[in-house]
Amino acid sequence: MAVKTLQNLLDEGVEGRGVLVRSDLNVPIDNGTITDPGRIIASVPTIKALVEAGAKVVVTAHLGRPKGAPDPAFSLAPVAARLSEELGRNVQLAGDVVGGDALARSEGLTDGDVLLLENIRFDARETSKDEAERTKLAKALVELVGDDGAFVSDGFGVVHRKQASVYDVAKLLPSYAGNLVATEVDVLAKLTEEPARPYAVVLGGSKVSDKLAVIEALAPQVDTLVIGGGMCFTFFAAQGYSVGNSLKQDEMIDTCKDLLDRFADVIHLPKDVVVADSFSADAEAKVVASHQIPDGWMGLDIGPESTKRFSAVLGAAKTIFWNGPMGVFEFEKFADGTRGVAEAIAGATAKGAFSVVGGGDSAAAVRSLGLPDDGFSHISTGGGASLEYLEGKELPGITALEGTA
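The name given to the protein chain in an unreviewed UniProt entry is Phosphoglycerate kinase, with Antrihabitans spumae as the source organism. Listed in UniProt under the heading Sequence similarities (unreviewed entry), the comment for the protein chain reads: "Belongs to the phosphoglycerate kinase family." In its Subunit (unreviewed entry) section, the UniProt record describing the protein chain reads: "Monomer."

Rendered as structure tokens:
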């Protein structure tokens, strides 16, 4: 990645300069309470380094998917409070994105101050397909840090998006990769450039269609491709099995047949599953063979035999990438498969394997199941961005930085 880094910016000097930081602070919030602060914590080192160097830091980020207009349900207020806590200093929250309050607050910043702008997606121009509209918003963001300002891209979870605060602003200011983005790219490069063997990939989640491109990209490169989660039932259907009321994508069955034909020696599917009579935490549950799912029942986790088999494969691996839970881990009764796979990956890591948890639900599962972050070599902050990188796709937020190097 031929880009300038945060260290380059610090070496150039930031004291008294405005620095716009695009962070990924898109954390889960339940009734105003942040349930997983992982992305906030991961964003702190870059912001802290700028603060300690005397920069006037303006942070922009999004939360959820508001419809291009202010919505109190998606306010960054809880994030500002938690970021203040993690930084050990007050973080102001602007009452708008690039309006009068944001401008007034930015003009009042002194060296080492931090201002968090309100949810960038409250402005419809952020995600507009019209480059001219996005550029107008980008120019308004630049105004907040001044002509001698700089831009630090530190939200890896959004670098696969061509959006104003990710892509367009990088063309208007001297731009640098924050610690988080630089680390993520370096880590993911290790998965594509001569990874240590055996190389195992674990994919879960609900839909085959969401993971098809990464399956196509990785299956020819890896030694083992473990498939669990809701997506495994479409593969079962491709084998001619009845899957009851389990999640299934009929339009992907032929695709799954083709994948099984081409990569039969690589793809590993569950041999047993935990089925339930309804989708609920207290549903009646039982373990059945993968080809014997009863009518009216749905698969909500991989079974104990599959967990044991997958764990053995993962325990022998030297490189592991995991994206997607093995079941509905949010319900304790259906969390054993995800827990077992996570523990196997952590065990392999302890023996020297290089392991990457691909963000999103996988990272949430690690934390909700009480496993330590340092049990894995790296926990990514960008599920979608991680997948697109491994698929070999161009990431606009990275190419924009490369254009400034």
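S.K.: Is there a simple way to explain the UniProt feature "binding site: substrate" (unreviewed entry) in the protein chain in this structure?
M.R.: Within this numbering scheme, the UniProt entry marks Asp24, Leu25, Asn26, Arg39, His62, Leu63, Gly64, Arg65, Arg121 and Arg161 as carrying the feature "binding site: substrate" (unreviewed entry). With respect to the helices, strands and loops of the structure, Asp24 is situated in the loop between strand S1 (18–22) and strand S2 (29–30). Asp24 gets classed as buried once you look at its relative accessible area, which sits at 2%. Other than its neighbours up to four places away in sequence, Asp24 contacts Arg39, Ser43, His62, Asp154, Gly155, Gly157 and Thr381. There is a polar contact of 3.2 Å between the side chain of Asp24 and the backbone nitrogen of Asn26. Its place among the elements puts Arg65 in the loop between strand S4 (56–60) and helix H3 (77–87). For Arg65, a relative accessible area of 70% puts it in the exposed group. Among all residues touching Arg65, those that are not within four sequence positions of it are Phe74 and Arg121.

S.K.: Explanation requested: the UniProt feature "binding site: ATP" (unreviewed entry) in the protein chain in the structure shown.
M.R.: Per the UniProt annotation, the sites labelled "binding site: ATP" (unreviewed entry) are Lys211, Gly299, Glu330, Gly359, Gly360, Asp361 and Ser362. In this structure, the second largest pocket is lined, among the annotated residues mentioned, by Gly299, Glu330 and Asp361. Along the chain, Asp361 falls in helix H13 (residues 360–368). Judged by relative accessible area, Asp361 falls into the partly exposed class, the value being 47%. Excluding anything up to four places from it in sequence, Asp361 contacts Pro325 and Phe329.

S.K.: Can you walk me through the packing of aromatic side chains in this structure?
M.R.: Given two aromatic rings, one states the distance between the centres and the angle between the planes to describe the pair. In the structure shown here, the tally under the stated rule is three aromatic pairs. Three or more aromatic residues joined by ring pairs form one cluster here, namely Phe233, Phe236 and Tyr241. The ring of Tyr167 carries Lys162 above its face, with NZ or CZ at 4.9 Å from the centroid. Lying over the aromatic face of Trp297, Lys286 brings its terminal NZ or CZ to 4.4 Å of the ring centre.

S.K.: Please clarify how the packing of helix H2 (residues 38–52) against H3 should be interpreted in this entry.
M.R.: When two helices pack together, their arrangement is given by the angle between their axes and by how far apart the axes lie. Close contact between H2 and H3 brings their axes to 10 Å; oriented N to C, the two are set at 60°. The orientation of H2 relative to H3 falls into the category oblique. Once H2 is placed against H3, the crossing between them reads as right-handed. When H2 is examined against H3, the residues Ile40, Ile41, Val44, Ile47 and Lys48 are found in contact with a partner set consisting of Val79, Arg82, Leu83, Glu86 and Leu87. Split by residue class, the contact of H2 with H3 holds seven nonpolar, no polar and three charged.

S.K.: Where do I start with the pattern of salt bridges in this structure?
M.R.: Any two side chains of opposite charge can pair, so long as their charged atoms come close to each other. In total, this model carries 17 salt bridges according to the counting rule given. The shortest N-O distance in the salt bridge between Glu126 and Arg22 comes to 3.6 Å. One end of the pair, Glu126, is in the loop between strand S6 (114–116) and helix H5 (131–145); the other, Arg22, is in strand S1, and 104 residues separate them in sequence. Comparing Glu126 with Arg22 shows no difference in burial state: the two are buried. Linking Lys393 and Glu391 is a salt bridge whose minimum nitrogen-to-oxygen distance equals 3.4 Å.

S.K.: Whenever I open this one, the sheet that holds strand S13 (residues 285–289) confuses me. Can you help?
M.R.: Paired through backbone hydrogen bonds, the strands of a sheet run either parallel or antiparallel to each other. As summarised here, the arrangement of the three strands in space is S13-S12-S14, forming an open sheet in which the pairing is antiparallel. In this open sheet, the two edge strands, each paired with only one partner strand, are S13 and strand S14 (298–302). Mean inter-strand twist for the sheet, computed between neighbouring axes without regard to direction, equals 40°. Alignment of strand S12 (residues 272–276) against S13, held across five bridges, turns out to be antiparallel. Residue pairing for S13: Val273 is matched across the bridge by Val288.

S.K.: Where do I start with the state of the cysteines in this structure?
M.R.: A disulfide bridge is the covalent bond that connects two cysteines by way of their sulfur atoms. Within the structure shown, the criterion is met by zero disulfides. There is no disulfide at Cys232, and the cysteine sulfur nearest it, in Cys256, is 10 Å away.

S.K.: Would you take a moment to explain unusual backbone geometry for this structure?
M.R.: Most peptide bonds take the trans form, and the phi angle of most residues other than glycine is negative. Cis peptide bonds are those with omega within 30 degrees of zero, and the linkage from Arg197 to Pro198 qualifies with 0°. Counting through the fold element by element, Pro198 comes out in the loop between helix H7 (179–192) and strand S9 (199–203). Located in the positive-phi region is Asn31, a residue other than glycine, with phi close to 50°. Mapping Asn31 onto the fold places it in the loop between S2 and strand S3 (33–34). Among the residues examined, Asn31 registers a relative accessible area of 77% and is labelled exposed. With a phi angle near 50°, Glu194 is a residue other than glycine that sits in the positive phi range. Looking at the element boundaries, Glu194 is found in the loop between H7 and S9.

Calculation criteria
Residues numbered from 1 in each chain as written. Predicted model: local features only at pLDDT ≥ 70, side-chain atom pairs only at ≥ 80, totals over all residues. Heavy atoms only, no water. UniProt positions renumbered as here; feature names shortened; annotations may be inferred. Helix = DSSP H or I, 4+ residues; strand = E, 2+ residues; numbered from the N terminus. Buried < 20%, exposed > 50% of the residue type's maximum accessible area, 1.4 Å probe, protein only. Contact = heavy atoms within 4.5 Å. Polar contact = N/O pair within 3.5 Å; in protein donor to acceptor, adjacent residues only side chain to side chain. 1 Å grid on protein atoms, 1.4 Å probe; cavity = no way out; pocket = protein on both sides within 12 Å on 5 of 7 lines; lining within 4 Å. Phe/Tyr/Trp six-rings, centres within 6.5 Å; stacked < 30°, edge-to-face > 60°. Lys NZ or Arg CZ within 6 Å of the ring centre and 35° of its normal. Axes fitted to C-alpha atoms, helices over the stretch in contact; angles between N-to-C directions. Parallel < 35°, antiparallel > 145°, perpendicular 65-115°, else oblique. Left-handed = near helix turned anticlockwise from the far one by under 90°. Nonpolar A, V, L, I, M, F, W, Y, C, P; charged D, E, K, R; others polar. Salt bridge = Lys/Arg side-chain N within 4 Å of Asp/Glu carboxyl O. Pairing = 2+ DSSP bridges. Disulfide = S-S within 2.5 Å.

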